[in-house]
Amino acid sequence: MKVTVHSSKAVTPDYAGCGVAPGSTADVVPLTVLDKANFDTYISVIYAFRPPAPPNAVLEAGLARALVDYREWAGRLGVDAKSNRAILLNDAGARFVEATADVSLDSVMPLKPTPEVLCLHPSGDDGPEELMLIQVTRFPCGSLVVGFTTQHIVSDGRATGNFFVAWSQATRGAAIDPVPVHDRASFFQPRDKPLVQYEHRGVEFKPYDQEAHGCDLAHHAGDDDNDEVVVVNKVHFSREFISKLKAQASAGAHRPYSTLQCVVAHLWRTMTMARGLDGGESTSVAIAVDGRARMSPGVPDGYTGNVVLWARPTATAGDLVTRPVKHAVELINREVARINDGYFKSFIDFASSGAVEKERLVATADAAEMVLSPNIEVDSWLRIPFYDMDFGGGRPFFFMPSYLPVEGLLILLPSFLGDGSVDAYVPLFSRDMDTFKNCCYTLD
């Protein structure tokens, strides 16, 4: 598959087309403590649509209208008057790239998580100024692939997914729903009497270590040893498999555990088996927890920033793999339940106390870490409305994260089959992948 780029331009908010007054380009939105605790990196995703698809000019015009309601994505990162990191609402624009491919889309479907898909979206590797970069790639068969590259520190997956849907709504002239909520100042203020009830050092924050920064990438680049190459394997769990897994994991429980918790428990165990960890070695799984419904008062669905912290259940490798999956899911359920309103507010109070700056702490969400073993990190996209995008020619028939070879970074998303099945993107060292494939469909 050869992809040729034909144009690249900045698309700015179309205030005149929306009949509204232009926003002030001097406006600044400070990042919240939850934004700063998240990954300061670019994430790329890929959508595929069957024909008919609107012309590029129509998609561009829809993007310009959507940016009126989502000015963050047309802005830039900078600092405010107090030298705090912030989003500058300068309307400099989002990047819009037009490209074509030389083969039919069906000839390369389903797209695989390999370096070949990197040509279907703009790169975030060189630290682009834009916070959102979009590439539309036309195929001779009339199909369309849309690749997004977005800065994660601006918003979490839920909020970014809302923007994707909003762009499609604006393109076909529909009202934007949910209505975006941009007020970052009000939701995450520390309490009048701060109360740090939980330990956040070593959890959301760690000491800054300049020498260690980036060492994993250099050591595990894999140029000299094929066993050290990280490969990404896409695993499909059918609805029937998930049903059996949930029944087994939930045996004796008051109610069935969630699909997410059961699938993560199963993959935590099988990835640990594949890695061949020593039985006494500790392993944890970091699971992103959305605080929108957990905080009180709740944060609106349309909130445009980050509202995520992580649950970190931990076990020894031996205990995890020798005991049934029910044990693993109970560990996960207990730790996820712990990340409640009190935990979020404790985090906000600690992060706002000045201790982070005084102790030179940095976020443990470190995009420079390329090898997570013996641990795992889970990004669940199961409830993000990726398949609600519709530019007027129908919803996407395929969706995937881009190639991201971070060992141990597990991404879950609903299968494009739409039948309740789940796709998991599992990155492991090549030396461990055969063992993983042999046990990932095996239940106790």
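Residues numbered from 1 in each chain as written. Predicted model: local features only at pLDDT ≥ 70, side-chain atom pairs only at ≥ 80, totals over all residues. Heavy atoms only, no water.

Going by what an unreviewed UniProt entry lists, the protein is known as agmatine N(4)-coumaroyltransferase and is assigned to Lolium multiflorum. The UniProt entry for the protein carries this comment under Sequence similarities (unreviewed entry): "Belongs to the plant acyltransferase family." Looking at the protein in UniProt, the text filed under Catalytic activity (unreviewed entry) is "4-coumaroyl-CoA + agmatine = N-(4-guanidinobutyl)-4-hydroxycinnamamide + CoA + H(+)". (UniProt positions renumbered as here; feature names shortened; annotations may be inferred.)

Asks: Explanation requested: the side chain of threonine 364 in the structure shown.
Replies: Tracing the backbone through its elements, the reader meets threonine 364 in the loop between strand 14 (361-363) and strand 15 (376-380). In this structure the side chain of threonine 364 is engaged in a polar contact, spanning 2.7 Å, whose partner is the backbone oxygen of valine 203. Once residues within four sequence positions are removed from consideration, threonine 364 is found in contact with Val203, Glu204, Phe205, Lys206, Arg312 and Glu369. (Helix = DSSP H or I, 4+ residues; strand = E, 2+ residues; numbered from the N terminus. Polar contact = N/O pair within 3.5 Å; in protein donor to acceptor, adjacent residues only side chain to side chain. Contact = heavy atoms within 4.5 Å.)

Asks: Explanation requested: the packing of aromatic side chains in the structure shown.
Replies: The relative placement of two aromatic rings is captured by the distance of their centres and the angle of their planes. Applying the stated criterion across every chain yields a total of 23 aromatic pairs. An angle of 80° between the planes, with centres 5.5 Å apart, marks the rings of phenylalanine 187 and tyrosine 303 as edge-to-face. Separated by 116 residues along the polypeptide, phenylalanine 187 in the loop between helix 4 (157-171) and strand 9 (205-207) and tyrosine 303 in the loop between strand 11 (282-290) and strand 12 (308-311) bring together distant segments of the chain. With a centroid separation of 6.2 Å and an interplanar angle of 75°, the aromatic rings of tyrosine 387 and phenylalanine 399 are classed as edge-to-face. Remark: phenylalanine 399 occurs in strand 16 (residues 398-401) and tyrosine 387 occurs in the loop between strand 15 and strand 16; sequence separation between them is 12 residues. (Phe/Tyr/Trp six-rings, centres within 6.5 Å; stacked < 30°, edge-to-face > 60°.)

Asks: Just checking my understanding: could you explain helix 10 (residues 341-351) for this structure?
Replies: Note on helix geometry: an α-helix contains 3.6 residues per turn, so any two residues three or four positions apart are oriented the same way. Taking burial as the measure, the 11 residues of helix 10 include 9 buried ones, the bulk of the element. Residues of helix 10 that are buried include every one of Asp341, Tyr343, Phe344, Ser346, Phe347, Ile348, Asp349, Phe350 and Ala351, and no others. Where helix 10 starts, the residue carrying a side-chain oxygen 3.2 Å from the main-chain nitrogen of glycine 342 turns out to be asparagine 340. (Buried < 20%, exposed > 50% of the residue type's maximum accessible area, 1.4 Å probe, protein only.)

Asks: For this particular structure, what's the right way to read the pattern of salt bridges?
Replies: Where side chains of opposite charge bring their charged atoms close, a pairing between them can arise. Tallied over the full model, the rule gives 26 salt bridges. The partner of arginine 50 in a salt bridge is aspartate 106, with the nearest N and O atoms 2.6 Å apart. Residue arginine 50 is found in the loop between strand 3 (42-49) and helix 3 (56-69), and its partner aspartate 106 is found in the loop between strand 6 (94-101) and strand 7 (132-138); the two are separated by 56 residues along the sequence. Residue aspartate 106 is classed as partly exposed on the basis of its relative accessible area, which comes to 49%. We note a salt bridge from arginine 292 to aspartate 156, for which the minimum N-O separation is 2.9 Å. Of this pair, arginine 292 sits in the loop between strand 11 and strand 12 while aspartate 156 sits in the loop between strand 8 (144-151) and helix 4, and the two are 136 residues apart along the sequence. With relative accessibility at 3%, the residue arginine 292 sits in the buried group. For aspartate 156, a relative accessible area of 2% puts it in the buried group. (Salt bridge = Lys/Arg side-chain N within 4 Å of Asp/Glu carboxyl O.)

Asks: Sorry, what's going on with the state of the cysteines here?
Replies: Disulfides are covalent bonds that link the sulfur atoms of two cysteine residues. By the definition in use, this model includes 0 disulfides. The thiol of cysteine 439 is unpaired, and the distance to the nearest cysteine sulfur, on cysteine 440, comes to 6.6 Å. Taking relative accessible area as the criterion, cysteine 440 reaches 2% and is therefore assigned buried. (Disulfide = S-S within 2.5 Å.)

Asks: Just to check I follow, could you spell out the side chain of asparagine 233 for this structure?
Replies: Inspection of the secondary structure assignment puts asparagine 233 in strand 10 (residues 230-237). With sequence-adjacent residues up to four places away left out, asparagine 233 is seen in contact with Ala424, Tyr425, Val426, Met433, Phe436 and Lys437.

Asks: What should I look at first to understand the pairing of strand 15 in this one?
Replies: The two faces of a sheet get side chains in turn, since along a regular strand they alternate between them. Of all 5 residues in strand 15, 4 are buried; the element is thus mostly enclosed. Note: strand 11 against strand 15, 3 bridges, orientation parallel. Following the sheet pairing, isoleucine 287 is matched in strand 15 by valine 378. As judged from the 4 bridges shared by strand 15 and strand 17 (residues 409-414), these two strands associate in the parallel manner. In the sheet register, aspartate 379 faces strand 17, and the bridge partner there is isoleucine 411. (Pairing = 2+ DSSP bridges.)

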